[in-house]
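A look at the structure
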Amino acid sequence: MRRISDGDSEADANTHLFKESHTVSISFDNALGIHAQALAWRSQRAEVIAANLANVDTPNYLARDMDFQSALASAQGSDYLKVTYPAHLQTYGSNPGELLYRLPTQPAIDGNTVEEEQEKAAFASNALHYEASLRLLSGRIQELLSAIRGE
Amino acid sequence: MSLFTVFNTAGSSLHAQTVRLNTTASNLANADSVSSSTTTTYRARHPVFATQLKDGDDAAAGVEVLGIVESQAPLRREYQPNHPLANQEGYVMMPNVNPIDEMADMISASRTYQSNVEVMNTSKQLLLKTLALGE
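To keep things clear, this report deals only with the structure shown in the data block. (Residues numbered from 1 in each chain as written. Chains lettered and ligands numbered in written order. Predicted model: local features only at pLDDT ≥ 70, side-chain atom pairs only at ≥ 80, totals over all residues. Heavy atoms only, no water.)

Before going further, it helps to examine a nonpolar patch on the surface. All names here are of chain B. A cluster of nonpolar side chains, namely Leu 21, Leu 28, Met 103, Met 106 and Ile 107, defines an oily patch on the protein surface of about 360 Å² accessible area. Take Ile 107: it is sitting in helix α2 (residues 99-131). Overall, Ile 107 belongs to the partly exposed group, its relative accessible area being 46%. (Patch = residues over 30% accessible without salt bridge, like charges linked within 9 Å, V, L, I, M, F, W, Y side chains within 5 Å. Areas by Shrake-Rupley, 256 points an atom, 1.4 Å probe, with all protein chains shown as cover. Salt bridge = Lys/Arg side-chain N within 4 Å of Asp/Glu carboxyl O. Helix = DSSP H or I, 4+ residues; strand = E, 2+ residues; numbered from the N terminus. Buried < 20%, exposed > 50% of the residue type's maximum accessible area, 1.4 Å probe, protein only.)

In structure tokens:
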């Protein structure tokens, strides 16, 4: 959690006084929401799919991909184990960046499981989702800027 | 930013496909290079592709060319007694290049090259848009 007034004690004090009447504090982590994490995940997935497309002609290459649902669950913090005692160690339910293997619909004789059309479609949709997150993020930044400037 | 590594991955594939196109060109160019003995005859060449695995980075798997192998398919023998390179029995040895295989290989290489260029272009656009974030 980073407050906008981090590292400036005088400003901190001012905010403290200010908080009594108004509880305005801008936390960039909260303001940008899940989109920053989504961008990182999308770019990682683009890398995986690019590797699949690069290895279209490599014998015995196994196509890989990542699961969006588990990544989303982990980004939202909903995949924590339930603990009954505060000293219990916390762990994650699944690894958000876990690479899985794609199940081929038409096995190839050279052991390669890349299906070029599927990968291309996945890459295009991933790029679109990346752009969507980018636009939403851009909108949030514009909102923040207008809030800061007070226009 | 892992979008940058997409360039390395797709670039390695472009290189591999270029090597493949080169061998295809060489095979087609030498499809009629005759010789009088089996040891000196041109044999079809093909690259061997393998996945380039990096330590600690599972996702960025490029392609590398392990080497070029010569086809061990039998050579064609043609009876041409008047050919200057004919052996004592009147035969010349023809390369084991199959032009149909080569054409199919060429099309496959050019398609893969194209799709990797597309991947690079898309990544470039995404990166440029990311750089302009908040403007």
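What follows covers the interface of chain B and chain A. Each partner contributes to the interface: chain B provides 33 residues, whereas chain A provides 29 residues. Contact between chain B and chain A buries roughly 2,400 Å² in total, counting both sides, with carbon and sulfur atoms accounting for 62%. Remark: the boundary between chain B and chain A carries two salt bridges. Residue Lys 129 of chain B pairs with Glu 131 of chain A through a salt bridge whose shortest N-O separation is 2.9 Å. The tally of links from chain B across to chain A stands at eleven residue pairs in polar contact (both at pLDDT 80 or more). Listed by contribution, the elements that provide at least two residues to the side of chain B that touches chain A are α1 (3-29), β1 (45-54), β2 (57-70) and α2 of chain B. Element by element, the count of residues in the side of chain B that touches chain A is highest for α2 of chain B, at eleven residues. Here the side of chain B that touches chain A is composed, by residue class, of twelve nonpolar, 15 polar and six charged. (Contact = heavy atoms within 4.5 Å. Buried area = accessible area lost by both parts, 1.4 Å probe. Polar contact = N/O pair within 3.5 Å; in protein donor to acceptor, adjacent residues only side chain to side chain. Nonpolar A, V, L, I, M, F, W, Y, C, P; charged D, E, K, R; others polar.)

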